[in-house]
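# Structural characterization, general
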Amino acid sequence: MISRTWTRFRGALDYYTAMYAVFVVGILVPIVMITLSLTGLPGAATALLGILCAAVLFVLFVPSVPVEWRDVVRSKPIVVRVLWSVVILAVVLVLARLTQFILDANNVDSSLSAEDDFLVKKSHLTGYVSGALVAEDDPANLYNRHRYESPQADSVLPSVLPQDRDAYLYPPPFLLLPRLLLVFSHDFGTLRALYYSLYVAIVLIGMLGIARWVGGKQGGVLAALTPVVWLSLPTLATLQIGNIHVLILYVGGAGAMVLFHLRRNIFGGAALAFAIIAKVSPAILLVYLLVQRRWRPAAWTAAFCGIYSLATLLIFGREPWRLFLSDGTWQKLASGEFHQFVLVERANQLVNYSPYGLPYKANIMGWDIGDPTGPARLITNIYTLLLVILVAVTAVRIHRRLRAGAEGARFRAENLAIWLAVLTLASFRAPFGPWVYIAVGAVWMFAVYAGLMQGSKRNIALLTVAWLLVAVYNENVYFTLVGQTIIYLTCFAVAWRASGGTEAGQARGVAASEPEPVGAA
């Protein structure tokens, strides 16, 4: 067995497989070392086991790199190959440094930016864990944000210092996740390290697994650009602050749709249902499924929503549900009333890329909007209507192409691009949709669409400029308006273009659905 593994490793080893392995091993091994350190192993033993783990993972991963992943990079000019290698090394180094901050929140020099108070003090896990404990001990105050800010909070809830404590702003079933984490420990530092490890590992494996599912040249381009997605500022910031959005909404939502395509309806339903009960907005994919008359995936998703809801009722009782439904908490969350305490701050108004935030930005620019809540709700309702229309139309177009025999790597990549575009647009339906983690969906979508583009210099230049304006941030109201406009327009355009077929010479619509030859991709 060992001899066969070594032979496969030597036969597959070249520069490109080695760099892919560096990317994966360089991210996973620090996570393994975090986990080992939590067991109380001495530093020397942890380091030794980490080195051994790195060697084993490297040998095992190299032979598993698909040929298409190597060929995509190998065919590029030397400048592109060098930049690709630099990106991989940069991601590994940045995350290795970030690991030190995750293990010790006082080590702010290892943060992405020691001068950025938001990145240093923010941890969404504080709200998740605190919410689970409040739901058990003081359920009547689950959605009372002042409960989390009170001087007595640390005497009842685990201390999160030196970071700030978040309030709980999610539907009741999401409490199941932090409740599961609390089984392992009630020490916040330990939970933070464990949560970060699980988050990074699942997102990495999920993204590469989806690229492998796409397959062919399109999957190869997506795999090659995955390190670029990870190096983008919204991805790195999300990993540091730990918002659940990327894990369960983008990787979970897109992964669920992949599982449905593989006819793994039970697992897909479990994944999509949890995304829905945590963030609500992924329910837009149910519209997509129902329009296509895919009853089984929709039914399994609904069933798991019921299972998670019942489990929440059994564990936490009726009070969280009563507060969320009867007391109108869900209406306050949807209407923006619950977020007014956030939106009064100028920094939050700027980082909010939701259409709900446009009147607030108009006030910043000097336009006298007065009370922005009325126009904000109107704009959001119009945006929601346009999004539902887009989802229905793209679902019909894809379904027609599927019935006409469309298949292959390009068709799978087109589906993935639509799902990511729709999930990104739906995420901004919330009154407060921060760029910092929601933009990851658009960045990942650009990577998918890069494999579908015709390789003209003009198209590549436009995609690169769009990526840069989305992947970075500047506290300038005009910059943020340009950035969110690009996200809206490109997501709508990519979903529409992908649903009709992206291959050169294809007619728009069902005629664009010629299947690939048998054996392609």
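Residue positions are counted from 1 within each chain, in the order its sequence is given. Under the rules for a predicted model, residues below a pLDDT of 70 receive no local features and side-chain atom pairs below 80 are neither given nor counted, while totals for whole chains, interfaces and linings still include all residues. Hydrogens and water molecules were not included; the side-chain quantities draw on all heavy atoms of the structure.

Glancing now at the pattern of salt bridges. When a carboxyl oxygen of Asp or Glu is within 4 Å of a side-chain nitrogen of Lys or Arg, the pair counts as a salt bridge. Under the counting rule described, the total for this entry stands at nine salt bridges. Of the charged contacts, one joins arginine 179 and glutamate 136 as a salt bridge, the two residues approaching to 2.4 Å between their closest N and O atoms. Of the two residues, arginine 179 sits in helix 10 (residues 176-181) while glutamate 136 sits in helix 7 (residues 124-137), which places them 43 residues apart along the sequence. Using a 1.4 Å probe on the protein chains alone, a residue whose accessible area is under 20% of its type maximum counts as buried, one over 50% counts as exposed, and one in between counts as partly exposed. On the accessibility criterion, arginine 179 (18% relative accessible area) is buried. Bridged by salt links that share partners, the residues Asp14, Arg70, Asp71 and Arg74 form one connected network. Runs of E in the DSSP output that reach at least two residues are strands. Runs of H or I that reach at least four are helices, and both are numbered from the N terminus.

Here the focus is empty space enclosed by the protein. A pocket here means an open set of points on a 1 Å grid, computed over the protein atoms alone, that has protein on both sides within 12 Å along at least five of seven lines. A cavity is instead a set of points where a 1.4 Å probe fits but cannot get out; residues with an atom within 4 Å of a point line either one. Grid points are joined across faces, edges and corners, and a volume is the space filled by probe spheres set on the points. The final tally for this structure, using the stated rule, is two cavities of 30 Å³ or more. A volume near 60 Å³ is recorded for the largest cavity. Along its surface, the largest cavity is lined by Ile102, Ser123, Leu125, Arg192, Tyr195, Tyr196, Leu239, Gln240, Ile241 and Gly242. When residues of the lining of the largest cavity are traced back to their parent elements, those giving at least two are helix 11 (188-214) and helix 13 (233-241). Along the lines of polarity and charge, the residues of the lining of the largest cavity split into six nonpolar, three polar and one charged. Only Asp, Glu, Lys and Arg are considered charged in this grouping, and only Ala, Val, Leu, Ile, Met, Phe, Trp, Tyr, Cys and Pro are considered nonpolar; every other residue, Gly among them, is considered polar.

The end-to-end C-alpha distance of helix 5 (residues 78-103), which contains 26 residues, comes to 38 Å, matching closely the 38 Å that a straight helix rising 1.5 Å per residue would cover. Of the residues making up helix 5, those classed as buried are Trp84, Ser85, Val87, Ile88, Val91, Val92, Leu95, Leu98, Thr99, Phe101 and Ile102. Two residues form a contact once any of their heavy atoms are found within 4.5 Å. Tucked into the core, helix 5 has its buried residues touching helix 2 (15-38), helix 4 (67-74), helix 6 (117-121), helix 11, helix 12 (216-231) and helix 13. Multiply 1.5 Å by the residue count of a helix minus one, and that product is the helix's expected span.

This brings us to the nonpolar core. Within soluble globular proteins, side chains that are nonpolar generally end up buried alongside one another. Nonpolar cores are built from buried Ala, Val, Leu, Ile, Met, Phe, Trp, Tyr and Cys residues. Side-chain atoms within 4.5 Å join them into one set. In this structure, Tyr20, Ile27, Leu95, Trp230, Leu416 and Trp444 are the most contacted members of the largest nonpolar core, which totals 161 residues. Among the elements that make up this core, the one with the highest residue count is helix 11 (17 residues). Excluding anything up to four places from it in sequence, leucine 95 contacts Ile27, Tyr196, Trp230, Leu236 and Leu239.

This part covers the packing of aromatic side chains. Between 30 and 60 degrees the pair is tilted, below 30 it is stacked and above 60 it is edge-to-face, where a pair is any two Phe, Tyr or Trp rings, Trp via its six-membered ring, whose centres lie within 6.5 Å. Scanning the model with the defined rule gives 24 aromatic pairs in all. Ring centres of tyrosine 143 and tyrosine 168 lie 6.0 Å apart, and the angle between their planes is 50°; on these two criteria the pair is classed as tilted. Placement of tyrosine 143 in the loop between helix 7 and helix 8 (145-149) and of tyrosine 168 in the loop between helix 9 (153-156) and helix 10 is noted, with a sequence separation of 25 residues between them. A residue is classified by how much of its surface remains accessible, and tyrosine 143, at 9% relative accessible area, is buried. Look at tyrosine 168 and you get buried, because its relative accessible area is 1%. When the ring of tyrosine 383 is compared with that of tyrosine 488, the centres are 5.4 Å apart and the planes differ by 55°; the resulting orientation is tilted. Residue tyrosine 383 is located in helix 23 (residues 373-403), and its partner tyrosine 488 is located in helix 27 (residues 477-500); the two are separated by 105 residues in the primary sequence.

Note that serine 281 resides in the loop between helix 15 (265-279) and helix 16 (284-291). Using a relative accessible area of 16% as the deciding quantity, one classes serine 281 as buried. Sequence-distant contacts of serine 281, that is, excluding residues within four places in its chain, are made with Leu249, Ala426 and Ser427.

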